[in-house]
Amino acid sequence: MVRRKRLDDSDCPVARSVDAIGDWWSLLIVRDAFDGSRRFGEFQRSLGVAKNILTARLRALVDGGVLASVPASDGSAYREYVLTPQGEALFPVIVALRQWGEQSLFAPGEPHSELVDRRHGRPLRALEVRAADGRRLEPGDTEVHKLPAGD
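Quick look at the structure, then. Since we're looking at a predicted model, the values are computed, not measured.

**Looking at the overall build of the protein**
Line of reasoning, step 1. For the protein, the helix and strand inventory stands at six helices and two strands.
Line of reasoning, step 2. Traced from its N-terminal end to its C-terminal end, the protein shows the element sequence α-α-α-α-β-β-α-α.
Line of reasoning, step 3. Across its three principal axes, the protein shows a C-alpha extent of roughly 50 × 45 × 35 Å.
Line of reasoning, step 4. In the protein, buried positions account for 22% of the 151 residues.
Line of reasoning, step 5. Of the contacts made within the protein by residues no fewer than 6 positions apart, 37% connect residues no fewer than 24 positions apart.
Line of reasoning, step 6. If you sum the accessible surface of the protein, you get close to 11500 Å²; carbon and sulfur atoms cover 55% of it.
Line of reasoning, step 7. Averaging the coordinates of the 22 positive side-chain charges in the protein and doing the same for the 22 negative ones gives two points 5 Å apart.

**Focus on the nonpolar core**
Line of reasoning, step 1. Counting residues in hydrophobic clusters, the biggest one holds 17 residues, and the most contacted among them are Ile-29, Val-30, Phe-43, Leu-58, Leu-61 and Leu-67.
Line of reasoning, step 2. In terms of residues, this core owes the most to one element, helix α2 (residues 24-34), which gives four residues.
Line of reasoning, step 3. Among residues more than four places away in sequence, those in contact with Leu-61 are Ile-21, Ser-26, Ile-29, Val-30, Val-66 and Leu-67.

**Quick word on the pairing of strand β2 (residues 79-83)**
Line of reasoning, step 1. Most of β2 is tucked away, with four of its five residues classed as buried.
Line of reasoning, step 2. Two strands pair when backbone bridges link them, and strand β1 (residues 67-71) and β2 are joined in this way by five bridges, in the antiparallel orientation. From the neighbouring strand, Leu-67 faces β2, where its bridge partner is Leu-83.

**Looking at the packing of aromatic side chains**
Line of reasoning, step 1. All chains considered together, the criterion is met by three aromatic pairs.
Line of reasoning, step 2. Centroid distance Phe-43 to Tyr-81: 6.4 Å. Interplanar angle 70 degrees. Geometry classified as edge-to-face. Of this pair, Phe-43 sits in helix α3 (residues 40-47) while Tyr-81 sits in strand β2; the two residues are 38 residues apart in sequence, bridging distant segments of the chain.
Line of reasoning, step 3. For Tyr-81, a relative accessible area of 16% translates into the label buried.

Rules used throughout
Residues numbered from 1 in each chain as written. Predicted model: local features only at pLDDT ≥ 70, side-chain atom pairs only at ≥ 80, totals over all residues. Heavy atoms only, no water. Helix = DSSP H or I, 4+ residues; strand = E, 2+ residues; numbered from the N terminus. Buried < 20%, exposed > 50% of the residue type's maximum accessible area, 1.4 Å probe, protein only. Contact = heavy atoms within 4.5 Å. Areas by Shrake-Rupley, 256 points an atom, 1.4 Å probe, with all protein chains shown as cover. Lys, Arg positive; Asp, Glu negative; His and termini not counted. Charge placed at Lys NZ, Arg CZ, Asp CG, Glu CD. Core = buried A, V, L, I, M, F, W, Y, C linked by side-chain atoms within 4.5 Å. Pairing = 2+ DSSP bridges. Phe/Tyr/Trp six-rings, centres within 6.5 Å; stacked < 30°, edge-to-face > 60°.

What follows is the structure, encoded as structure tokens:
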């Protein structure tokens, strides 16, 4: 079996992010955690993933600080998985993937799920990248600057 290259020492934030949560099972676990899943069985039922794969991904997400394993809220002997503040910071990533998928991967009229504002029941506005002064930015409006060590 070919081992995948680790990117956790890369100087690129995108590469490190993909290394931490970039496989599809991990992203779908995070999605399900945002949707309220907390227990191993809930994740397994939703995803249909093998127990060994789910165990490995949950462990990696806990080790990476995305999820925390906590005592079950009902006082039983079970453990539950909850998003940490670092995990909750992935919300815009999940929303961006969802919106991209809605726009790019479904035919007109094809059924799919939709994320709505709980208060008003309406779909979210499309995410936009904005400059510090509020201007909407397109890819050509940005560039990557490498920071020296210590910054």
